[in-house]
Amino acid sequence: MKARLQRAGLFLRQALAGLGAAMSYARARKVRAPAPRLTSGGMVETLAVTILAVSLIAASMILLDPLIPGLRLQLPHGLVRVFERITDLGLGSVVLWPVGIALLVVLGAMPELKDMNRRVAAALAARIGFVFTCVAGVGLFVLVLKYVLGRARPYMALHLPGPHAVLTFDWFKLQSSFSSFPSGHSTVVFATACALAALYPRARTALFAVAVLVAFSRVVLGSHYPSDVLAGGALAILFSSFLLKAFAARRLVFSVAADGGVRPMPGPSARRLARLVARDSLSQRSALEEARP
């Protein structure tokens with residue numbers, strides 16, 4: 001038992017040391033030419049899309065949000081139960097815990113791997129780190145923002161006076177019932193979809209379909225307004241695009257073509273990953289056996 005605890009402590013120290021080394025390595029990487037370009041119109045197109053997103057959010061607040069309070073009470077109980085299951089896919093813990101643990105496991109195992117396997121593990125860690133940073137970075141920002149703005153959730157608007165209860169913002173209320181804008185679930189699920197779609201472009205349609213479904217569930221369940229989920233999705237896409245450009249500019253995980261197009265670098269194959277896991281399990285078993293008295 002003592003040997004296993006010592007082994008676990010050593011593994012954790014290696015993982016944290018590897019995390020620090022990875023962050024230092026990423027900061028030290030120099031930006032290279034050509035610069036990555038995600039849109040064909042550059043700044044003009046980005047500005048136009050931003051104005052369009054803000055306009056849609058504002059229009060939603062005026063036209064759609066007043067229709068949401070009480071919607072859940074009008075829906076069949078079975079349908080509500082289905083959306084209660086779907087909405088859990090947007091929980092930050094559902095995404096960040098598995099991804100974070102996977103990252104620490106890979107980093108902790110790296111010092112004991114041979115040269116080729118260490119490169120495979122480093123490539124895998126970079127991809128996992130990109131996903132984790134996408135979700136955690138914008139998720140933390142939205143978590144702070146929503147409690148600062150203090151917008152009343154739809155179920156609270158039913159009990160607030162005045163004809164414009166859906167537009168109630170009570171700054172620094174610091175209560176869950178006043179943390180509607182933006183939607184945290186929508187932010188997490190869209191950030192996850194953006195990160196995975198960047199790594200696996202062929203799965204883009206399915207990933208964003210799931211993201212839209214989760215965002216829709218937040219409205220159906222009366223936890224958010226349409227403008228909340230639009231704002232959360234927009235912030236997730238904006239942050240993920242910024243992070244994608246930052247990684248690509250340093251040629252981390254992504255490559256940049258001569259025309260500025262960004263593509264994911266070839267990742268470790270399933271066969272190499274299976275071999276890596278098998279060898280890591282074997283090395284851990286051997287170390288435990290050696291540690292026994």
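First things first, this report covers the structure right here in the doc. Computed from a prediction, not measured in an experiment: that's the story for all the values here. Numbering of residues starts from 1 in each chain and follows the order in which that chain's sequence is written. It should be noted that, the model being predicted, local features are given only for residues of pLDDT at least 70 and side-chain atom pairs only at 80 or more, the latter also being counted only at that level, while totals for whole chains, interfaces and linings use all residues. Values reported for side chains reflect all heavy atoms of the structure, with hydrogen atoms and water molecules removed beforehand.

Comments concerning the overall build of the protein chain
Thinking step 1. Runs of E in the DSSP output that reach at least two residues are strands. Runs of H or I that reach at least four are helices, and both are numbered from the N terminus. Assigned secondary structure in the protein chain consists of ten helices and two strands.
Thinking step 2. Traced from its N-terminal end to its C-terminal end, the protein chain shows the element sequence α-α-α-α-α-α-α-α-α-β-β-α.
Thinking step 3. Here the C-alpha coordinates of the protein chain stretch approximately 75 × 55 × 35 Å along the principal axes.
Thinking step 4. In this analysis, two residues are considered to be in contact whenever any of their non-hydrogen atoms come within 4.5 Å of each other. Restricting the contact set of the protein chain to residue pairs at least 6 apart, pairs at least 24 apart contribute 77%.

Some remarks on a nonpolar patch on the surface
Thinking step 1. Two joining distances apply to patches: 9 Å for like charges and 5 Å for nonpolar side chains (Val, Leu, Ile, Met, Phe, Trp, Tyr), and every residue must have over 30% relative accessible area and no salt bridge. Exposure was quantified through the Shrake-Rupley algorithm and a 1.4 Å probe, taking into account, for residues, occlusion by the shown protein chains and nothing else. Put simply, a salt bridge is a Lys or Arg side-chain nitrogen that is within 4 Å of an Asp or Glu carboxyl oxygen. A cluster of nonpolar side chains, namely Leu167, Phe169, Trp171, Phe172 and Leu174, defines an oily patch on the protein surface of about 550 Å² accessible area.
Thinking step 2. With a 1.4 Å probe rolled over the protein chains alone, any residue whose accessible area is under 20% of its type maximum counts as buried; one over 50% counts as exposed, and the rest are partly exposed. For Phe172, a relative accessible area of 53% puts it in the exposed group.

A closer look at the pattern of salt bridges
Thinking step 1. By the definition in use, this model includes five salt bridges.
Thinking step 2. Arg72 is the partner of Glu84 in a salt bridge, and the nearest nitrogen-oxygen pair spans 2.6 Å. Of this pair, Glu84 sits in helix α3 (residues 77-86) while Arg72 is found in the loop between α2 (42-63) and α3, placing the two residues twelve residues apart along the sequence.
Thinking step 3. Residue classification places Glu84 among the partly exposed residues on the basis of a relative accessible area of 23%.
Thinking step 4. Of the residues examined, Arg72 reaches a relative accessible area of 33% and is grouped as partly exposed.
Thinking step 5. With its nearest N and O atoms 3.6 Å apart, the salt bridge here joins Glu84 to Arg81. Linking Glu84 with Arg81, this pair stays in helix α3, spanning three residues, or about one helical turn.
Thinking step 6. Through salt bridges with shared partners, a single ionic network connects Asp65, Arg151 and Asp228.

Concerning the packing of aromatic side chains
Two aromatic rings are characterised by how far apart their centres lie and by the angle between their planes.
Thinking step 1. Only Phe, Tyr and Trp rings are paired, with Trp represented by its six-membered ring, and only when their centres lie within 6.5 Å; those with planes under 30 degrees apart are stacked, over 60 edge-to-face, the remainder tilted. According to the stated counting rule, one finds five aromatic pairs in the structure shown.
Thinking step 2. Aromatic pair Phe130 and Phe254: ring centres 5.0 Å apart, planes at 75°, arrangement edge-to-face. Of the two residues, Phe130 is situated in helix α5 (residues 115-149) and Phe254 in strand β1 (residues 254-256); the sequence distance between them amounts to 124 residues. For the pair shown, Phe130 and Phe254 are each scored as buried.
Thinking step 3. Between the aromatic rings of Phe169 and Phe181, the centroid separation amounts to 6.2 Å while the plane-to-plane angle is 80°, which identifies the pairing as edge-to-face. Remark: Phe181 occurs in the loop between α6 (154-157) and α7 (184-199) and Phe169 occurs in the loop between α6 and α7; sequence separation between them is twelve residues.
Thinking step 4. Take Phe169: its relative accessible area is 31%, and that puts it in the partly exposed class.
Thinking step 5. With a relative accessible area of 13%, Phe181 lands in the buried category.

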